[in-house]
Amino acid sequence: MTSQEIRQKFLDYFKSEGHLIVPSAPIVLKDDPTLMFSNSGMTQFKDFFLGYKTPTAPRIADTQKCLRVSGKHNDLDDVGRDTYHHTMFEMLGNWSFGDYFKKEAIAFAWELLTEVYGIPKENLYVTIFEGDASENLDRDQDAYNFWKSHIAEDRIINGNKKDNFWEMGESGPCGPCSEIHIDLRTPEEKAAVPGITLVNQDHPQVVEVWNLVFMEFNRKADRSLEKLPAQHVDTGMGFERLCMALQGKSSNYDTDVFTPLISKVEELSGKKYTGILEDEKDIAIRVVVDHIRAVSFAIADGQLPSSGGAGYVIRRILRRGISYAYRFLDMKEPFLYKLVAVLQEQMGPFFPEIEKQGKLVTEVIKSEEDSFLNTIETGLIRVEKLIQQTIADNQKVLPTLEVFELYDTYGFPDDLTRIIAEEKGLTIDEEGFKAEREKQRKRSQQDSAQKVYDWVTLEEREENFVGYDQTESETYITRYRKVENKDGEFYQVVLSSTPFYPEGGGQVGDKGVLGNASETFDVLETKKENGLIISLINGLPKDPKALFTAKVNASDRKNSQANHSGTHLLHEALRDVLGTHVEQKGSYVGPDYLRFDFSHFNKMTEEELALIEEKVNHKIKENIALQEFRSIPIQEALDKGAMALFGEKYGDNVRMIQFGSSKELCGGTHVKNTSEIGHFKIVSEGSAAAGIRRIEAISGDQSEEYFKNLEKQIAELSQLLKSKDVVRSIEKLIDENASLKSEVDALKKEKAKGEISDWKNAYEQKGNKQLLVKKTSLDAGSVKDIVFQLKKEIPTSVTIILSDADGKPMITVGVSDDLAADYQAGTIVKDLAKEIQGGGGGNPGFATAGGKNLDGLENAYQKALAL
């Protein structure tokens, strides 16, 4: 059943039940101060519920375009990362304004789902409102009683206020609701875990498909509830989820609601969609095809992207789509606008506005893409560095000043910084950003003083970095300058002889102390600027010209260089295992962990990761001494086999680091011998971008701590299992589970035996032959077993079983051996399979066929009876 047919069946059913079919209201709300967008099917009828306007009919049905990207109902962050969340979605709904109420609404829903759409009843669960004492709300006993006449009581579940009391916002019409959930899992999964335990647990295959809201109250601004003038029904069924269920898919994106758009994106981008949830490429495609729908319909309904209000939300959605396509689909040129034509063809018959406004929609989106892509290139590098530093500092909020600097100095849109930060699980300080923007405005007006003062030069001295050879040195301050920021007053200093390594090459800058007998200052960070190694200290010495001792934090340095040397060994191992296409695409080296980004197109297997770990640790155990070529001609280094990173700029002379066969151009600090790395442990592997994988690993002290924690966990497991042999105890649990599964399988077989006796009595005598045509929802395995048994036990018989298990049509045919000359199971099944848009085959005595059209089973049933 196509999505167009599913939508039409819904409207036709409710039209037959006396409902007026009305068109979707605009997705953008121009005259509602409480909402920017229509976030539910009932939005356009709110005045009817409140009694402000008279409805055009007491019964109405429609499909409403909805958008949930802000406020209480915000699905934006989930879009693309699962199978069923969307920004824009269609809400199929039927409405009663003071006409029918709970009993009729429940009956309509059940009949439509189980009889019109043919969803197996055993796949459905319903929830009702359990009540809430804090608001003096009783359990919805009426809904429970009405549901009992349609569904088993053990499939009716109590739901709390969060799930079963529907409110469209902080105020407005509301009331208890009854959700219908569908279990789309395989028979094996259902046997292993009861579906009732997965309802409202965010399981991707046990999802809410319809919500019946019984409007009884109005939520006032003071949060109190008052009775509405009349009782109403407001239902909403997610169209995309319904299509997933009826088309036998496990993801909304695999239905024909999205596949035409996905095909176009594949054509334009050259990237193949595989449906993998964790793959950044696939996430990007889902984001693009979802977001183009939301943006296109918003523009068609009159909302252009802008810098404020609803227009800003639309611009943000569009830019999120462009950002995903740019970073993970390698789409560096405008292309989203080319998807509008597909959308017009797909949805124009039901939503004429996309046809009428198609040219405008296309031109607006292309213009926005052109404008936005021009700002991305330079800003992305700075944002990524900022995010990496924030993560390295174990922070969740990007530094406000740096975010504002991106916006103010480099012109990088703050909303893109926000989008990218959210994808990494970070946020920006919204109020802080606004405050900085206001400060900037005032600074511009007042021409205030700079935050960074001029250098004060002291005695001229040679300035050298000695950190490769020592972590402590006597030194002089050669120059300093004052720095003012939100945290106070600091000073940047340049030293004549500095052991502090400046941030670079992925490695973090050193911290430590700078002091003498009179005073000591903390070195908070070390960076390089215009060739100068600059350390930030928390004050200015009384005598800046005095002799000082500079001392690096030894523990941090030791762990950083262990991680840096480990990174080199990792790079070599990756190329050995995966191939020479692997190239470094980014790195972070700190005292806590290392991160390595590299070119590779597939998720690494557990075997590959284990082999890489083994190779690195083998090099560590070999006690390979560092060979450092501190300054050699670059060509000589390349001739020696050194790895040069693509895109890096190198001077005529370079530094080469060698550990045996590992040779790289590098300016970072390293261990003197691989044995100092300790133990190398990969803690994660994943996708950093399209075609880029990321490994995070630990060594040194962190690795030691990792194994201590592991030992602790094993000890705790041992205590829980009451056994020192943890592995054997877990194996025993697995065996016990397998035994329980066998018992379940046995119970299923017993159930099938019960069906056999019933079916034996259902054969029809056709002359001297016997025919059984039977509908069932038994799984394919059970049906096969029964048919084989029946064709042996029932002579001169043809057995035809039509199954709708898991919402998928299947036909099974068995012919007894004594009829083999007259009837062929394969021939029969191929003929019947035409009715379900499928095919199959088998041998003369047994054959099966699956199909796509569940509704076709009825035609196949009638056809089989005519044999």
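Residue numbers here run from 1 along each chain, matching the order of that chain's written sequence. Note on the predicted model: pLDDT of at least 70 is required for a residue's local features to be given, and 80 or more for side-chain atom pairs to be given and counted; whole-chain, interface and lining totals, by contrast, use all residues. Processing note: side-chain calculations cover all non-hydrogen atoms of the structure and skip hydrogens and water entirely.

## Brief notes about the overall build of the protein
Defined as follows: By definition, any uninterrupted DSSP run of H or I lasting at least four residues is a helix, any uninterrupted run of E lasting at least two residues is a strand, and each is numbered from the N terminus. The classification of residues rests on relative accessible area computed with a 1.4 Å probe and restricted to protein chains. Under 20% of the type maximum is buried, over 50% is exposed, and intermediate values are partly exposed. When checking whether two residues touch, look at their non-hydrogen atoms; a contact exists if any pair is within 4.5 Å. Surface accessibility follows the Shrake-Rupley procedure with a 1.4 Å probe radius. Residue values consider only the protein chains on display as shielding.
The helix and strand tally for the protein stands at 24 helices and 36 strands. Counting only C-alpha atoms, the protein reaches 115 × 70 × 55 Å along its principal axes. Across the 867 residues of the protein, 51% fall into the buried class. Here the analysis covers contacts within the protein between residues at least 6 apart in sequence; of these, 67% occur between residues at least 24 apart. When the accessible surface of the protein is split by element, carbon and sulfur atoms take 48% of a total near 40,000 Å².

## Comments concerning the sheet that holds strand β31 (residues 764-766)
Heads up, the condition is: Pairing between strands is defined by DSSP: at least two bridges between the two strands are required. What counts as an axis is a line fitted to C-alpha atoms, over the stretch in contact for a helix, and the angles between N-to-C directions run from 0 to 180 degrees.
Spatial ordering of the open sheet is given by β31-β32-β33-β34-β36-β35, a layout of six strands whose pairing is mixed. Only two strands of the sheet have a single partner each, and these edge strands are β31 and β35 (839-843). Going across the sheet, the axis of each strand differs from the next one's by a mean of 15 degrees, ignoring polarity. Here five bridges tie β35 to strand β36 (residues 846-850), and the two strands are oriented antiparallel to one another. Following the sheet pairing, glycine 839 is matched in β36 by glycine 850. Across the sheet, helix α22 (residues 780-793) touches β32 (769-776), β33 (797-803), β34 (810-815) and β36, and the angle it forms with β34 is around 20 degrees.

## Here's the deal with the packing of helix α1 (residues 3-16) against helix α3 (residues 102-116)
Cut-off, in case you're wondering: Here is the rule for angles: anything less than 35 degrees is roughly parallel, anything more than 145 is roughly antiparallel, 65 through 115 is roughly perpendicular, and the remaining ranges are oblique. Each crossing gets its hand from how the near helix is turned against the far one by less than a right angle, where anticlockwise is left-handed and clockwise is right-handed.
Where α1 contacts α3, the axes come no closer than 11 Å and their chain directions differ by 130 degrees. As summarised for this structure, α1 and α3 are arranged oblique, according to the angle between their axes. For the pair α1 and α3, the sense of crossing is right-handed. In this structure, α1 contributes Phe10, Tyr13 and Phe14 to the contact, and α3 contributes Phe108, Glu111, Leu112 and Val116.

## Here we look at unusual backbone geometry
Despite not being glycine, aspartate 330 has its phi angle at roughly 60 degrees, a positive value. Tracing the chain through its elements places aspartate 330 in the loop between α10 (309-328) and α11 (340-347). Despite not being glycine, asparagine 623 shows a phi value in the positive range, around 55 degrees. Inspection of the secondary structure puts asparagine 623 in the loop between α18 (606-621) and β26 (627-633).

## A word on the confidence of the model for the protein
To keep things clear, this is the line we draw: For every residue, the predictor reports its confidence as pLDDT, a number between 0 and 100.
Put simply, the protein has an average pLDDT of 89, and 95% of its residues get 70 or more. Predicted confidence is poor over residues 445-450, with pLDDT under 50, and the contacts of this stretch with residues over four places away or in other chains come to one contact.

## Quick notes on a nonpolar patch on the surface
Here is the rule we go by: Within this analysis, patches are made of residues with over 30% relative accessible area and no salt bridge. Like charges are joined at 9 Å or less; nonpolar side chains (Val, Leu, Ile, Met, Phe, Trp, Tyr) at 5 Å or less. One speaks of a salt bridge when a side-chain nitrogen belonging to Lys or Arg is within 4 Å of a carboxyl oxygen belonging to Asp or Glu.
Where nonpolar side chains cluster on the molecular surface, the patch consists of Phe707, Leu710 and Ile714 and spans about 220 Å² of accessible area. Looking at the secondary structure, you find phenylalanine 707 in helix α20 (residues 700-721). Overall, the relative accessible area of 30% leaves phenylalanine 707 in the partly exposed class.

## What to know about α3
Short version of the rule: The span you would expect from a helix comes to 1.5 Å times its residue count less one.
In this model α3 runs 20 Å from its N-terminal to its C-terminal C-alpha over 15 residues, within 8% of the 21 Å that 1.5 Å per residue would give. Considered for burial, the residues of α3 that qualify are Lys102, Ala105, Ile106, Phe108, Ala109, Trp110, Leu112, Leu113 and Thr114. Following α3 by one or two positions, glycine 118 adopts a phi angle in the positive range, close to 75 degrees.

## Examining the side chain of asparagine 94
Heads up, the condition is: Whenever a nitrogen or oxygen atom comes within 3.5 Å of another N or O atom, the pair is scored as a polar contact, on the condition that within protein one atom can donate a hydrogen and the other can accept it, and that pairs from neighbouring residues in sequence are kept only if both atoms are in side chains.
Locating asparagine 94 in the fold gives a position in strand β5 (residues 88-97). On the basis of relative accessibility, which here comes to 1%, the residue asparagine 94 falls in the buried class. Polar contacts involving the side chain of asparagine 94 include one to the side chain of tyrosine 100, which spans 3.0 Å. In this structure, asparagine 94 is in contact with Phe10, Phe14, His19, Ile60, Ala61, Tyr100, Phe108, Trp210, Val233, Asp234 and Thr235, ignoring residues within four places of it in sequence.

## Structural notes on the pattern of salt bridges
Any two side chains of opposite charge can pair, so long as their charged atoms come close to each other. Applying the stated rule across the entire model yields 53 salt bridges. For glutamate 216, the salt bridge goes to lysine 102, with nearest N and O atoms at 3.6 Å. Here the residue glutamate 216 occupies a position in strand β10 (residues 206-219), and lysine 102 occupies one in helix α3, the gap between them amounting to 114 residues. Considered together, glutamate 216 and lysine 102 belong to a single accessibility category, that of buried residues. A salt bridge links aspartate 330 to lysine 271, with the nearest nitrogen and oxygen atoms 3.1 Å apart. Highlighted residues: aspartate 330 in the loop between α10 and α11 and lysine 271 in the loop between α8 (259-269) and α9 (280-300), separated in sequence by 59 residues. For aspartate 330, a relative accessible area of 38% puts it in the partly exposed group. A network of salt bridges, in which partner residues are shared, links Lys102, Asp140, Glu216 and Lys227.

## As for the pairing of β10
Counting buried residues along β10, 13 of its 14 residues qualify, which places the element largely inside the surrounding structure. Looking at chain direction, strand β9 (residues 172-183) and β10 are connected through ten bridges and run antiparallel. Each residue of the ladder has a partner; that of cysteine 177, found in β10, is valine 213. Pairing between β10 and strand β11 (residues 225-238): nine bridges, direction antiparallel. The partner of asparagine 218 across the bridge, within β11, is glutamate 226.

## Some details on the packing of aromatic side chains
Spelled out, the test is: Centres within 6.5 Å make a pair out of two Phe, Tyr or Trp rings, where for Trp the six-membered ring is used; the pair is then stacked when the planes are under 30 degrees apart, edge-to-face when over 60, and tilted otherwise. Two conditions define a charge sitting above a ring: the NZ of Lys or the CZ of Arg must be within 6 Å of the ring centre, and it must be within 35 degrees of the ring normal.
If you walk through the whole model with that rule in mind, you get 26 aromatic pairs. Ring plane angle 85 degrees and centroid distance 5.0 Å describe the contact between phenylalanine 465 and tyrosine 468, whose orientation is recorded as edge-to-face. Taken together, the aromatic side chains of Phe10, Tyr13, Phe14, Tyr100, Phe108 and Trp210 make up a single cluster linked through ring pairs. The residue whose ring lies beneath arginine 7 is phenylalanine 350, and the NZ or CZ to ring-centre distance is 4.2 Å.

## Quick notes on the environment of serine 782
If you trace the backbone, serine 782 turns up in helix α22. Distance from serine 782 to asparagine 158, taken between C-alpha atoms, is 33 Å for residues 624 residues apart in sequence.

## Considerations on the nonpolar core
What counts here: Within this scheme, the nonpolar core is defined by two criteria: the residues are buried Ala, Val, Leu, Ile, Met, Phe, Trp, Tyr or Cys, and they are joined through side-chain atoms within 4.5 Å.
The biggest cluster of nonpolar side chains holds 114 residues, and the ones touching the most others in it are Tyr117, Trp147, Trp210, Met237 and Ile365. Among the elements that make up this core, the one with the highest residue count is α9 (13 residues). Beyond its immediate stretch of four places on either side in the chain, isoleucine 365 contacts Ile292, Val295, Ser296, Ile299, Leu318, Leu336, Tyr337 and Val340.

## Some words on the environment of leucine 524
The residue leucine 524 is located in strand β21 (residues 520-529) in this model. For leucine 524, a relative accessible area of 32% gives the class partly exposed. Expressed as a C-alpha distance, the spacing of leucine 524 and glutamine 702, which sit 178 residues apart in the sequence, is 22 Å. What leucine 524 contacts, discounting residues up to four positions off in sequence, is Phe490, Lys511, Leu536 and Asn538.

## Observations regarding the sheet that holds strand β28 (residues 662-665)
As summarised here, the arrangement of the three strands in space is β26-β27-β28, forming an open sheet in which the pairing is antiparallel. In this open sheet, the two strands that pair with only one neighbour each are β26 and β28. When the angles between neighbouring strand axes are averaged without regard to direction, this sheet yields 25 degrees. Bridge analysis of β26 against strand β27 (residues 653-659) gives five bridges, and the strand direction is antiparallel. Of the residues in β27, the one forming a bridge with phenylalanine 629 is methionine 656. Docked against the sheet, helix α17 (residues 554-578) engages β27 and β28, running at close to 115 degrees with respect to β28.

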